[in-house]
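Here are the chains, one letter per residue:
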Amino acid sequence: MMGLEMRSLVAALLVLILGHFTSALEVPLDLPQPPTITQQSPKDHIVDPRENIVIYCEAKGKPHPSFSWTKDGTHFDVNEDPSVTMRPNSGTLEVDITRARPENFEGVFQCTARNKYGAAVSNKIVVRQSKSPLWSKDKIKPIVVKEGVSLVLPCQPPAGLPPPIIFWMDNNFQKLPQSKRVSQSLNGDLYFSNVRREDSRSDYICYARFTHTQTIQQKQPITVKVLTMDEINDTMADYYNFTEMVLNEAPVDERKPTFLIPSGHSSSKMVLKGHVLEMECIAEGLPTPEVSWTKVSGDLPGSRTSFLHFNKTLQIVNVSESDAGDYRCSAKNQHGAAHHIISVVVKATPYWISGPPKNLVLAPGENGVLTCRANGIPKPSILWSINGDLIENSPKDISRKVEDDSIIFTQVRVESSAVYQCNISNPYGYLLSNAFVNVLSEPPRVLTPANKVYQVIENRPAFLECSSFGSPIPKIDWFKDRKSGILDGDDYILHDNGTLEIQVAQAQHKGKYTCVANNYLGISENHVYLDIKEPTRILKQPVDKVVQRGGSVLFECIVKHDKDLVTTVTWLKDGEELLDDERLDLFLKLGYIIEKPAFSSQLVKCLKLHFFLSCRFIVEFESLSITDISESDAGSYTCVVNNTLDHDSATAELSVVELTPPPAVVHGRPDPPTDLELTDHKKRSVQLTWIPGEEHNSPIQEFVIQYEDSLHRRGHWHDLARVPGTRTTAHLKLSPYVHYTFRVLARNAVGLSEPSSPSRMYKTDPAAPDQNPKGVHGSGTEHNNLVITWEPLTGLHSNGPGLRYKVSWRHKRPGTDWTTVTVANNSKFTVSGTPTFSPYEIKVQAVNDLGEGPEPAVVIGYSGEDLPTAAPANVQAVVLNSTLVELRWDPVPSHLIRGHIQGYKINYWRKHHKHNSDQMEQRILTFSGNQSRGMLPGLHPFSHYSFEVRVFNKKGDGPASKTQQFKTPEGEPGPPASLLVTNPSLDSLTLEWNPPREHNGHITGYTLRYQPVNNSNELGPEEELALAANETSVTLQNLKYSPRYKFYLNARTSAGAGPAIFEEAVMPDKAVSSRQVDIATQGWFIGLMCAIALLILILLIICFIQRNKGGKYPVKEKEDAHTDPEFQPMKDDDCTFVEYSDNEDHKPLKGSRTPSNGTVKREDSDDSLVDYGEGGDGQFNEDGSFIGQYSGKSSSRDNDEGPESAGAPSPLNAMNSLNSFV
C-alpha cells in the first residue's frame, strides 16, 4: 500500500515539475554555479610519442573551479613530476616528453573540477601511445604456382596502434590492379581466385600506413611465378629447395567455386549498434566466380548498404538492431555454386534515449527531477554519484530521492546545490554525464540582444526570440507597440522558451515588439523589431527554345524583389551552376566564357582564355544569351533568384536542330562601325554608341573598344572594353586627367574589321590620386641604411599633374615619430644612419597638385643586415647508426643574428680513419630556417669526425661553434677489392682475392657462396663456405662437374656482411680431356710409334752401308774441294749429306738428336764417319780400323781457323733422336 502511495506521489511530482527538466537552462557566468566540464580528451586517447602529451580538461563555474587528477584510480600529484605542468586556470595537463618517457604516462586518467558548489568529473581517459613497429626483414621465398590455381599472398602487418591501413603496390609505388579475380581482403591479404600468366611478377609489396604517426612500413617484395605444366617440368629442379611451390602433377581444370574465406558452411559475427558491419566472402574457382549477397530473414537496408571489393564485401553503416540475422553470400560460375551463411548478432554500448540529464536551476523550495534514461544491449546498469562520490556514500539529504534512472528533488535548499554524475554501463562501454542542481534566487534578465531587427518575407512565419534567465523561471509576455495587450492566440503562438511565433506575417504585423520576463523577484523587458519584406518572384520566365546549330538564343528572366534586399541571379545548366567560381576554369575550357555581372542592366564584359576570341555565354542580371550554339548546349537552363530571405526559380529547355545547308555565300571581315557618339557625360564615365558596319555574311561576334590618351601617350591605342556583337552601346569607366579619343572595331568569324573613325576628344578633370603605389618594400643594402622602394603609378593612374610620393618611416617602437620626405620622378629612397637590422614602419602616399591619395597602408621593413656575432651553443652529436648522426644545438638569439636567418651550416670533416690515416674530407651541409637539429647522412662507418655549427643570414656566416667530435660505429664492409679464379680443372680450382678497400670496421671473416651453371644458364644449388679474416685464397676440391661456376664473395664485420663481389669460372672441357688421356694410353698408338722408329733405324743403317762402299776417303782433298760449305738438304740419290758450316757455334753435338732439316755438321770429309758417342779420339782407317783424325771433342772446335763440318749421321744418334721425339 505504501509502495502504491509513493508511486502516486512520484507521478504527481513529475507533473508538477515537468517544466524544470524539459529544457536546459544556461546560467550566465556572472552568477554562482557548480562546475561544468566544457572540454575533455576522448575516452581512448592515443598520443604521438614524438610530441608532448596533452590531456584536456576544461570547465566553467562561479567561482572558477580548481582541478585535480587521478591515474589508474589513485591521486596523481602534478607537482611531484617536473615534466608535467597544468595550464593556468585550466585542468589540461601537458607532459614534456623531452624530460620523461611517454610510456610512463600510459594509463587511465580522470579529471575533477571543483568549487564550493560541487565537483564535476571527466570521462575515464585511457592514454596510450601510438605504435608503428617495423616489418620483419626476412627474405620471402619466391612462390611458383601452376596456372589456374588459387593463391593467397599474406600481408600480416605488424600490430600497430591504431591498426594500420593496408594496401598493395609495386616497386614504382603504383597500386596493383584489382578485379573480381584479384582483390584484397579486410585483413590485408591479397587473394587470387585463379592465377594467370600475367600475374607473374617480382614486386608484390604490402604497405601498412599508420595514420597517427603518418608513417608507412613496407613488407619485403614477394615474387610470384605462374607456370604451365610444360614449364613446371622444365624448371622443377631449379626451384627445388629454395622456392615455395604450390604445385601438383595434374593439369588445372575448370571447377566450381569454393570459399577461401570464410571457411565452412556458416560463421557468426558480432557488431555494435551504430558501427559499421563488414562481411566478406572470397571464393576461388575457374572461371572466376561472381559473388552475391542476400539477407535470409529479410531485405538488405538499401540506403545503408554498399557492396565493396567487387561484391566480395558487404558493408552496412550505422548498424541497428534490425540488422541482426542471417546473411547468405553465394559464389557462382558456369560449373556450380557455393554458399555460406553468416549469422550477425547486434550488441549496443549504452546510448541515450532522450539525451543526457540536463542541469537544474531551482529556487529555494522548488521541486525538480534529474533523469538519466539510456538503453543498450544487454541492458545497462545505472550508478549515481554526487560530486564524484557514490551517492550511497554521501550524506543523506531529505530533499532528494533516487528512483532507478531518476533523482527527485522536493523543497530544495541553497545547500542542495551539487553536481550529480550518472554512469551507465554494460560489457561494451559506458556513458558518464554530469548535471548540476543549482539552487539560487535571481530576478529575471533578458539575454536576447536589444533592438534586434527581424526581417521576414510577407505571408511567411516569423519567430521573435526572447531568451531569458531567472530563478524561479520567469514568465514571458509579449506586447506590440504600446503594450495594448498581451499577444497570445489568434495570429500568435508563445513557445515554452519565450519565442513568439507569428504564423503568417503580413504588413500589419510590422513594428516594435516588447518581451517582458518576470518572477516574484523582479521584471525585465526587451524590444525587438519586425520588418516585412516583399517576396521575390520571377515575373517573366524563360521559355523553351528550338534553335539551329550555329545560331543564338536569349533566355529572359525578369525578376521582382524587395528593393532593400541584395538579390542575385544564377543560371544552371542541367542542374549544374553555370557561374560557379570554383568551376570557372572548367567551363572556360569547355567553351563557356562567363563573367559575373554587377547589379545593373548594362552589358557584361567577356572573359578571354587562351585562344577564345568570342563570348558564347553572356550572363546579365535578367538574361542569358548563347551564341554559336552546338549540340552540347542542348539541355535544361534554370534561372535561380536568391537573396538572404527568399528565392525563386524557373526552367526552360533548349533544343538544338541541324542547320539547313544554305546556298554558298562569300564570307568576309565586317566593315568598321560608324557614327560614334558620346553621351551621358560624367566625371568618371561616358556612354559610347555606334552603328555596326556590314557583316559580310558572318555575324559580328564582338566589338572591341579602344582609346588613345593624347595627353600622356599620343599615338598609342589601348583596349578598353569588349562587348557582344548584339550590342551597339557601352558604358565606359574612365580615369581622371586623361584626354580620351575612342574608336571601335568589329570582329566576326573571319577576322577583325578596320578601326572606325575616332570619336571626338573627351577630357576628364584632374583629381587627387585614387590609389597609392603598390609593392612598397623596405630593406637595407648596407648594415646602416634602409632602402625604401615602390612601384610608381602610371600616367593613367596619376589622376592629375605634379605626381610625387610622400615617403614616411619610423622606428618600430613605442614613442617614435614619423619622418617624411617627398620624392618626385623616382621610386626609391635611401635612409642612412640606421641601426643594424631594425624594424621600421613604412608608408608611401601618392600626391599630385590636387591633393593626396588615400591613407597608405603601413608595411614593415628592416634596415641592412650584418654578419651574425654569436655561434650556436650546446652543440651535441647523437650517433644513430654507422652512417647517420643527429646534430643538436641551441638556436642563436635573434638579436645576435643581425638579419633574417637563412639557416645553419654544418662544416664537418673526417679526422682520421683506421685504415687510411692520412685521408681528410671536408664538407658543408646547410639546414634552412631556424632549426635546432639536423641529420648528417652519408658518413663513413668506423671513423672519427669533427664538426662546427654556424648560423648565417643574407649577409653571410657567423662565427663557428666550438669544434665537437663524434665517432661512427662499425658498419658493413665494402666488397672485396678483387676476386680471381686460377688453376681450374675438372673438379677443383683456386680462388684468390684482396681485402675490401673500405673495411668499415674490423674484418671478422669472409663468406663464399658458389653454384654451378649449366649450358642453359640455369643455376644449380648454392653452397656456402665461411672463411677466416686472414685468408686471401682458397682451393675448392671435389667439385661436381659443370661447364661454369658462379662465385660470390663478401666480407663481414661485427655490423654484418657487406656486398658481394661476383666472378664466373669456365671449367675445362671434359670430353677433350678424356680423349687426350685415352689416345696416349692406347696399345695401337704405342705400336705405331715403335714401327715408325724401326723403319727410321733401318733407313739409317742402309744409308751407312751405302756410304762405306768404294774404299778410302782422303780427308785433305775433301777439305780443299769444299772451302765454302753451305747449309744444304740431304741428296735424294745416295742419302748423303752436303757440307754445313757454322761460324758462330763450335760446340759439339753431345747426345743430341739430328736437326729437323736432316743436316749434320761436317769436319773434314763427308766420306768418313764421325763417332757421335761419348768417346775421345777413336778413328777408322780405310780398312775399318780406328784412326786419330776424328774425335768426339776436337780441339779445332775451339779455335777460329775455319768452319766446322758435320760428320755423317750415326745410327746411335739417330736412335737417341727418335727416342727423344717419342
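Below is a short write-up of the structure. Please read all numbers here as calculations on a predicted model, not as lab measurements.

## Digging into the overall build of the protein chain
Link 1 in the chain: When helices and strands are tallied, the protein chain shows 10 helices and 87 strands.
Link 2 in the chain: For the protein chain, buried positions account for 42% of its 1222 residues.

## Describing the pattern of salt bridges
Link 1 in the chain: Under the criterion given, the structure shown has 53 salt bridges.
Link 2 in the chain: Here R101 and E103 are joined by a salt bridge, their closest N and O atoms 2.4 Å apart.
Link 3 in the chain: Accessibility expressed as a relative area gives 30% for E103, which makes it partly exposed.
Link 4 in the chain: In this structure, R196 engages E198 in a salt bridge whose closest nitrogen and oxygen atoms are separated by 3.8 Å.
Link 5 in the chain: Here the residues in one salt-bridge network are K510, D531, K533, K563 and D564, joined through shared partners.

## Here we look at helix 8 (residues 1083–1107)
Link 1 in the chain: A rise of 1.5 Å per residue sets the reference length of helix 8, with its 25 residues, at 36 Å; its end C-alpha atoms lie 37 Å apart and thus fit the reference within 8%.
Link 2 in the chain: Within the span of helix 8, buried status applies to M1089, A1093, C1103 and R1107.

## What to know about the sheet that holds strand 69 (residues 828–832)
Link 1 in the chain: Strand order across the open sheet formed by three strands is 65-66-69, with antiparallel pairing between neighbours. Two strands lie at the open edges of the sheet, namely strand 65 (774–779) and strand 69, each paired on one side alone. Direction aside, neighbouring strands of the sheet carry axes that sit 10° apart on average.
Link 2 in the chain: Looking at chain direction, strand 66 (residues 785–791) and strand 69 are connected through five bridges and run antiparallel. Paired with T789 across the bridge in strand 69 is K828.

## Looking at the side chain of E865
Link 1 in the chain: Looking at where E865 falls in the secondary structure, it is placed in the loop between strand 72 (859–862) and strand 73 (873–881).
Link 2 in the chain: We note that E865 is buried and unpaired, the nearest opposite charge coming from K954 at a distance of 5.0 Å.
Link 3 in the chain: Non-local contacts of E865, meaning those with residues more than four positions away in its chain, are made with E782, H783, T836, F837, R898, G899, H900, N953, K954 and K955.

## Comments concerning the state of the cysteines
Link 1 in the chain: This structure, assessed with the given rule, holds six disulfides.
Link 2 in the chain: One disulfide in the model links C155 with C206; its S-S distance is 1.9 Å. Measuring handedness by torsion sign, the sulfur bridge of C155 and C206 sits at about -70° and is left-handed. Pair noted here: C155 is in the loop between strand 13 (151–153) and strand 14 (165–169) and C206 is in strand 17 (residues 201–210), with a separation of 51 residues, a long-range link. Each member of the pair C155 and C206 is classed as buried.

## Describing the nonpolar core
Most often, soluble globular proteins have nonpolar side chains that are buried together.
Link 1 in the chain: Counting 29 residues, the largest nonpolar core has I55, W69, F76 and L93 as its most contacted members.
Link 2 in the chain: Broken down by secondary-structure element, the contributors of at least two residues to this core are strand 3 (53–55), strand 4 (57–62), strand 5 (66–71), strand 8 (93–95), strand 9 (107–115) and strand 11 (125–129).
Link 3 in the chain: No other element matches strand 9, which puts three residues into this core.
Link 4 in the chain: With near-sequence residues (within four places) excluded, I55 lies in contact with S41, H45, W69, G91, T92, L93, F109, I125 and V127.
Link 5 in the chain: Listed in part, the 22 residues of the second largest apolar core include V559, Y637, A650 and V656.

## Description of the packing of aromatic side chains
Link 1 in the chain: Under the counting rule described, the total for this entry stands at 24 aromatic pairs.
Link 2 in the chain: Between the aromatic rings of W889 and F927, the centroid separation amounts to 6.2 Å while the plane-to-plane angle is 45°, which identifies the pairing as tilted. Pair noted here: W889 is in strand 74 (residues 884–890) and F927 is in strand 76 (residues 921–928), with a separation of 38 residues, a long-range link.
Link 3 in the chain: Measuring from centroid to centroid gives 5.4 Å for Y945 and F966, while their planes differ by 10°, and the two rings are stacked.

## Remarks on the environment of V704
Link 1 in the chain: By the element assignment, V704 lies in strand 60 (residues 702–709).
Link 2 in the chain: Its relative accessible area of 3% is what places V704 among the buried residues.
Link 3 in the chain: In this structure, the C-alpha to C-alpha distance between V704 and P724, residues 20 residues apart in sequence, is 9.1 Å.
Link 4 in the chain: Not counting residues up to four positions away in its chain, the partners in contact with V704 are D719, A721, R722, R743, V744, L745, R747 and L752.

## Some remarks on the environment of A1060
Link 1 in the chain: With respect to the helices and strands, the residue A1060 is situated in the loop between strand 86 (1056–1057) and strand 87 (1061–1066).
Link 2 in the chain: By relative accessible area, A1060 is classed as partly exposed at 36%.
Link 3 in the chain: Linking A1060 and F1047, residues 13 residues apart in sequence, is a C-alpha distance of 9.3 Å.

## Describing the side chain of K71
Link 1 in the chain: Among the secondary structure elements, K71 is positioned in strand 5.
Link 2 in the chain: Here D72 takes part through its side chain, which lies 3.3 Å from a polar atom of the side chain of K71.
Link 3 in the chain: If near-sequence neighbours (up to four positions away) are discounted, K71 is found in contact with F76, N104, F105, E106, V108 and F109.

## Remarks on unusual backbone geometry
Link 1 in the chain: Going from I261 to P262, the amide bond is cis rather than trans, its omega being -10°.
Link 2 in the chain: In this structure, the amide linkage connecting I377 to the following residue, P378, adopts the cis form with an omega of -5°.
Link 3 in the chain: Positive phi is not limited to glycine here, since D404 has a value of about 55°.
Link 4 in the chain: The phi dihedral of D628 is positive, around 50°, even though this residue is not glycine.
Link 5 in the chain: Its place among the elements puts D628 in the loop between strand 55 (623–626) and strand 56 (635–642).

Thresholds applied
- Residues numbered from 1 in each chain as written.
- Predicted model: local features only at pLDDT ≥ 70, side-chain atom pairs only at ≥ 80, totals over all residues.
- Heavy atoms only, no water.
- Helix = DSSP H or I, 4+ residues; strand = E, 2+ residues; numbered from the N terminus.
- Buried < 20%, exposed > 50% of the residue type's maximum accessible area, 1.4 Å probe, protein only.
- Salt bridge = Lys/Arg side-chain N within 4 Å of Asp/Glu carboxyl O.
- Expected span 1.5 Å × (residues − 1).
- Pairing = 2+ DSSP bridges.
- Axes fitted to C-alpha atoms, helices over the stretch in contact; angles between N-to-C directions.
- Lys, Arg positive; Asp, Glu negative; His and termini not counted.
- Contact = heavy atoms within 4.5 Å.
- Disulfide = S-S within 2.5 Å.
- Core = buried A, V, L, I, M, F, W, Y, C linked by side-chain atoms within 4.5 Å.
- Phe/Tyr/Trp six-rings, centres within 6.5 Å; stacked < 30°, edge-to-face > 60°.
- Polar contact = N/O pair within 3.5 Å; in protein donor to acceptor, adjacent residues only side chain to side chain.

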